[in-house]
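Observations on the model geometry
Listed below, chain by chain, are the residues.
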Amino acid sequence: MADKLLLASSYISLSVIGLIPSWLTVIVISRDFIIVLGMVILAMMSIKYEIKPAFISKVTTVLQLATIFFALLYLSLNQGIGYKWITIFYWATAALTVISGITYITRE
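**Things to note about the overall build of the chain**
- When helices and strands are tallied, the chain shows four helices and zero strands.
- The order of helices and strands in the chain, counted from the N terminus, is α-α-α-α.
- Accessible surface, the chain as shown: approximately 7000 Å² in total, 74% of it carbon and sulfur.
- Seen as two clouds, the 7 positive and the 4 negative side-chain charges of the chain have centres 5 Å apart.

**Some remarks on the environment of V59**
- In this structure, V59 sits in helix α3 (residues 55-76).
- Exposure remark for V59: the relative accessible area of 31% places this residue in the partly exposed category.
- Counting along the chain gives 37 residues from V59 to L96, while the straight-line C-alpha distance between them is 8.1 Å.

**Examining α3**
- Taking 1.5 Å per residue as the helical rise, α3 with its 22 residues ought to reach 32 Å, and the 32 Å between its terminal C-alpha atoms agrees with that figure.
- If you check which residues of α3 are buried, you get S57, T60, T61, L63, Q64, A66, T67, I68, A71 and Y74.

**Some points on the environment of R31**
- Within the secondary structure, R31 sits in helix α2 (residues 22-44).
- Here R31 falls in the buried class, since its relative accessible area comes to 5%.
- Remark: the alpha-carbon pair of R31 and I99, spanning 68 residues in sequence, is separated by 9.8 Å.
- For R31, the residues in contact, after removing those within four places along its chain, are K4, S57, T97, S100, G101 and Y104.
- Within the structure, the side chain of R31 is placed 3.0 Å from the side chain of S57, a separation counted as a polar contact.

**Structural notes on the pattern of salt bridges**
- Counted under the stated rule, the structure contains two salt bridges.
- D32 is the salt-bridge partner of K4, the closest N and O atoms lying 3.7 Å from each other. Of this pair, K4 sits in helix α1 (residues 2-16) while D32 is found in helix α2, placing the two residues 28 residues apart along the sequence.
- Measuring nitrogen to oxygen at the nearest pair gives 2.7 Å for the salt bridge that ties D32 to R31. The pair D32 / R31 is uniform in exposure class, with both members buried.
- Among the charged side chains, a network of salt bridges with common partners joins K4, R31 and D32.

**A closer look at the nonpolar core**
- Of all hydrophobic cores here, the largest spans 13 residues; its most connected members are Y11, I20, L24, I68 and Y90.
- Elements with a contribution of two residues or more to this core: α1, α2, α3 and α4 (83-106).
- Among all residues touching L24, those that are not within four sequence positions of it are Y11, T67, Y90, T93 and A94.

Criteria and thresholds
Residues numbered from 1 in each chain as written. Predicted model: local features only at pLDDT ≥ 70, side-chain atom pairs only at ≥ 80, totals over all residues. Heavy atoms only, no water. Helix = DSSP H or I, 4+ residues; strand = E, 2+ residues; numbered from the N terminus. Areas by Shrake-Rupley, 256 points an atom, 1.4 Å probe, with all protein chains shown as cover. Lys, Arg positive; Asp, Glu negative; His and termini not counted. Charge placed at Lys NZ, Arg CZ, Asp CG, Glu CD. Buried < 20%, exposed > 50% of the residue type's maximum accessible area, 1.4 Å probe, protein only. Expected span 1.5 Å × (residues − 1). Contact = heavy atoms within 4.5 Å. Polar contact = N/O pair within 3.5 Å; in protein donor to acceptor, adjacent residues only side chain to side chain. Salt bridge = Lys/Arg side-chain N within 4 Å of Asp/Glu carboxyl O. Core = buried A, V, L, I, M, F, W, Y, C linked by side-chain atoms within 4.5 Å.

Here's what the structure looks like:
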């Protein structure tokens, strides 16, 4: 749960200052919110579940962290690295986050 809070606060902060697009922040936070909401609903229904992260979820977390890293690097180097690279990270992160969310929703 701590990594979720770290990622959420990082994405919100970087989105507020305009370093990460707000649509990406919404995607990242929505995925985590849906997962937590599903766990709460299952707990309220007294349905036992096992929290087992999927491999794609781990890759998604790494990519989300890498996006934060490169966005901060982009800022600190005064746009020294190309904006195209940052954009590629934004879209790759968004795609994997959505795929990871769908994976969690469709798991048994």
